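Observations on the three-dimensional arrangement
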Amino acid sequence: RSAAAPPPPPETFGAYTKASQENNGVTAMINMLIQELDKEMTVAEAEEKDAQEDYETMMQDSAEKRAADSKSITEKEAAKADTEAALQQHQDDKAATAKELSATLEFIASLHAECDWILKYHEVRKEARASEIDALGKAKAVLSGADYSLLQTSGAVRRMVA
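What you see is a predicted model, and the numbers here were worked out from it, not measured in a lab. (Residues numbered from 1 in each chain as written. Predicted model: local features only at pLDDT ≥ 70, side-chain atom pairs only at ≥ 80, totals over all residues. Heavy atoms only, no water.)

1. Considerations on the overall build of the protein chain
Short version of the rule: Under the scheme used here, helices are H or I runs from DSSP no shorter than 4 residues and strands are E runs no shorter than 2 residues, and both carry numbers assigned from the N terminus. With a 1.4 Å probe rolled over the protein chains alone, any residue whose accessible area is under 20% of its type maximum counts as buried; one over 50% counts as exposed, and the rest are partly exposed. Per-residue and other accessible areas follow the Shrake-Rupley method at a 1.4 Å probe size, with only the shown protein chains counted as cover for residues.
Summing up its helical and strand segments, the protein chain has 3 helices and 0 strands in all. Tracing the protein chain from N to C terminus, the helices and strands come up as α-α-α. For the protein chain, the proportion of its 162 residues judged to be buried stands at 1%. A total accessible area of about 15400 Å² is found for the protein chain, and carbon and sulfur atoms account for 60% of it.

Pasting the structure below:
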């Protein structure tokens, strides 16, 4: 048999070291990651708490604003209804006043026509009244015993001349 030596073993990771030395670095890194994660969680919890407070404040403000807006809308609707009622009343008053004005103008027009007629026929009526008064005077005289049979009146002379 040959006394040849076996080939050398393949190369490995290096020299043997204690596991505690390597684990120390990994453990420190994990501990550091845990500390960072704790910090981030603390910061996140604080931010979430602040955000929750901001949200609650915003919701309360929104509720107050909605209540104020609702009250404002109610007041404005009431004011609008009052204004519309006043407008309707004014329109009714205007219509009644317009009717009254129309009737008054119609009455004035009829009075004007009557006055025009009176002015137009005033002289004729004046003469007719004067002749009536004269005729009543003569009739009274006849009834008293006066005799007008031989007297000529100016109207009779005019008839004969014409």
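2. Re the packing of aromatic side chains
The condition is simple: Stacked, tilted and edge-to-face are the three classes applied to pairs of Phe, Tyr and Trp rings, where Trp contributes its six-membered ring and a pair requires centres within 6.5 Å; stacked means planes under 30 degrees apart, edge-to-face means over 60, and tilted covers the rest.
Applying the stated rule across the entire model yields 1 aromatic pair. Pairing Trp 117 with Tyr 121 gives two aromatic rings, centres 5.3 Å apart and planes at 50°, and the pair type is tilted. A residue is classified by how much of its surface remains accessible, and Trp 117, at 46% relative accessible area, is partly exposed.

3. Considering the pattern of salt bridges
This is how it is decided: We define a salt bridge as a contact between a side-chain nitrogen of Lys or Arg and a carboxyl oxygen of Asp or Glu at a distance within 4 Å.
Under the defined criterion, the tally for this structure stands at 3 salt bridges. For Glu 84, the salt bridge is made with Lys 80, and the minimal N-O distance between the two is 3.9 Å. Here Glu 84 and its partner Lys 80 are both found in helix H1 (residues 19-120), 4 residues apart, which amounts to about one turn of the helix.

4. Here we look at helix H2 (residues 122-144)
Inclusion rule: Any helix carries an expected span of 1.5 Å times its number of residues minus one.
Between its first and last C-alpha atoms H2 spans 32 Å; for 23 residues at 1.5 Å apiece the expected length is 33 Å, and the two agree. Count one or two residues on from H2 and you reach Gly 145, which has phi positive near 115°.

5. Side note on a negative patch on the surface
Cut-off, in case you're wondering: Every patch collects residues that have over 30% relative accessible area and no salt bridge, joining them within 9 Å if they carry like charges and within 5 Å if they are nonpolar side chains (Val, Leu, Ile, Met, Phe, Trp, Tyr). Charged residues are defined narrowly, with Lys and Arg counted positive, Asp and Glu counted negative, and His plus the chain ends left uncounted. Working definition for charges: the position is that of NZ of Lys, CZ of Arg, CG of Asp or CD of Glu.
On the surface, Glu 47, Asp 50, Glu 53, Asp 54 and Glu 56 cluster together to form a negatively charged patch. Residue classification places Asp 54 among the exposed residues on the basis of a relative accessible area of 55%.

6. Quick look at the confidence of the model for the protein chain
Convention followed: Summary of the metric used: pLDDT quantifies the predictor's per-residue confidence within the range 0 to 100. Should any heavy atoms of two residues lie within 4.5 Å, those residues are considered in contact.
For the protein chain, the mean per-residue pLDDT works out to 85, and 80% of the residues sit at or above 70. With pLDDT under 50 throughout, residues 157-162 is counted as low confidence; its partners more than four residues away or in other chains account for 2 contacts.

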